[in-house]
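Here's the letter readout for the chains.
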Amino acid sequence: MVLVTSCTFEEGYSFKSDWSGSYEASLDLSGIANMGGEENEYKEMIPPEEIANLEGKMNAIEGISNAKVVSDNLAYAVNFFYEFDGLPALNRLNNINLDEDDNDSPFSALGKWEMSHKGKKKFFIKMIPKEVIEDAEEMEKAKEAGEMLQVTTFLNFSRKIKDIKSDVATTGLNENQVIIKYTGKDLIDATINWDTEIKLR
């Protein structure tokens, strides 16, 4: 079955010269909110108490501050924002499960980004798989869920891009930006090499 509906996730990292910076993201669920009529679970977005809990968890991470989550029930969208004091803080955030009640989600099997740098002019990304999905049924669920998730990641640097070594990253809309586009299904594709090296001027 070909899935014609999807949710889109756009995220942007803005890095300063010392690798601190800010993060903004928007999760648009309107593509799947109209599936299933009034019984669709996505008709109800994140309740206020869950937003407060999520913001609290994010702000409790060392190096993360000013985390905000805004849920737009009419647009079926959730927006995220936070500031970070360096790449270690980003890695800490990327490698914890903020939704303790959703451990059975197919997305829980997807890998996590790990970012690092060398000096002020080299930036690296690796994708660390969480685990191999051995159960065929769980793998199928993960693939189906992954096909519905369309992701665009914008990396905005304080310096101009000199060179990109990557199978997944491309130059962005200006000389300081790199873009990575993928689906959730791509994250469980063992044939994709996610290792990325970005050299700055």
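Below or above, wherever it landed, is the structure these notes cover. (Residues numbered from 1 in each chain as written. Predicted model: local features only at pLDDT ≥ 70, side-chain atom pairs only at ≥ 80, totals over all residues. Heavy atoms only, no water.)

Some details on the pattern of salt bridges
Next up, step 1: Tallying each qualifying case throughout the model produces 2 salt bridges.
Next up, step 2: A salt bridge links Asp-195 to Lys-126; the shortest N-O distance between them is 3.2 Å. With Asp-195 in the loop between β10 (177-183) and β11 (196-200) and Lys-126 in strand β6 (residues 122-128), the pair connects residues that are 69 residues apart, well separated along the chain.
Next up, step 3: Lys-160 is the partner of Glu-175 in a salt bridge, and the nearest nitrogen-oxygen pair spans 3.3 Å. Here Glu-175, found in the loop between β9 (169-171) and β10, pairs with Lys-160, found in the loop between β7 (149-156) and β8 (161-165); they are 15 residues apart in sequence, far enough to count as distant.
Next up, step 4: Relative accessible area serves as the criterion here: at 53%, Glu-175 is assigned to the exposed category.
Next up, step 5: A relative accessible area of 41% means that Lys-160 is categorised as partly exposed. (Salt bridge = Lys/Arg side-chain N within 4 Å of Asp/Glu carboxyl O. Helix = DSSP H or I, 4+ residues; strand = E, 2+ residues; numbered from the N terminus. Buried < 20%, exposed > 50% of the residue type's maximum accessible area, 1.4 Å probe, protein only.)

As for the sheet that holds β7
Next up, step 1: Pairing is mixed in the open sheet, where 7 strands are placed in the order β3-β4-β2-β1-β7-β10-β9. The strands lining the two open edges of the sheet, one partner per strand, are β3 (64-72) and β9. Between one strand and the next, the sheet's axes are offset by a mean angle of 15°, whatever the strand orientation.
Next up, step 2: Bridge analysis of strand β1 (residues 7-15) against strand β2 (residues 21-28) gives 8 bridges, and the strand direction is antiparallel. Bridge pairing links Glu-11 to Ala-25 in β2.
Next up, step 3: Along the sheet face, helix α2 (residues 48-59) touches β3 and β4 (77-84) and points at about 160° away from the line of β3. (Pairing = 2+ DSSP bridges. Axes fitted to C-alpha atoms, helices over the stretch in contact; angles between N-to-C directions. Contact = heavy atoms within 4.5 Å.)

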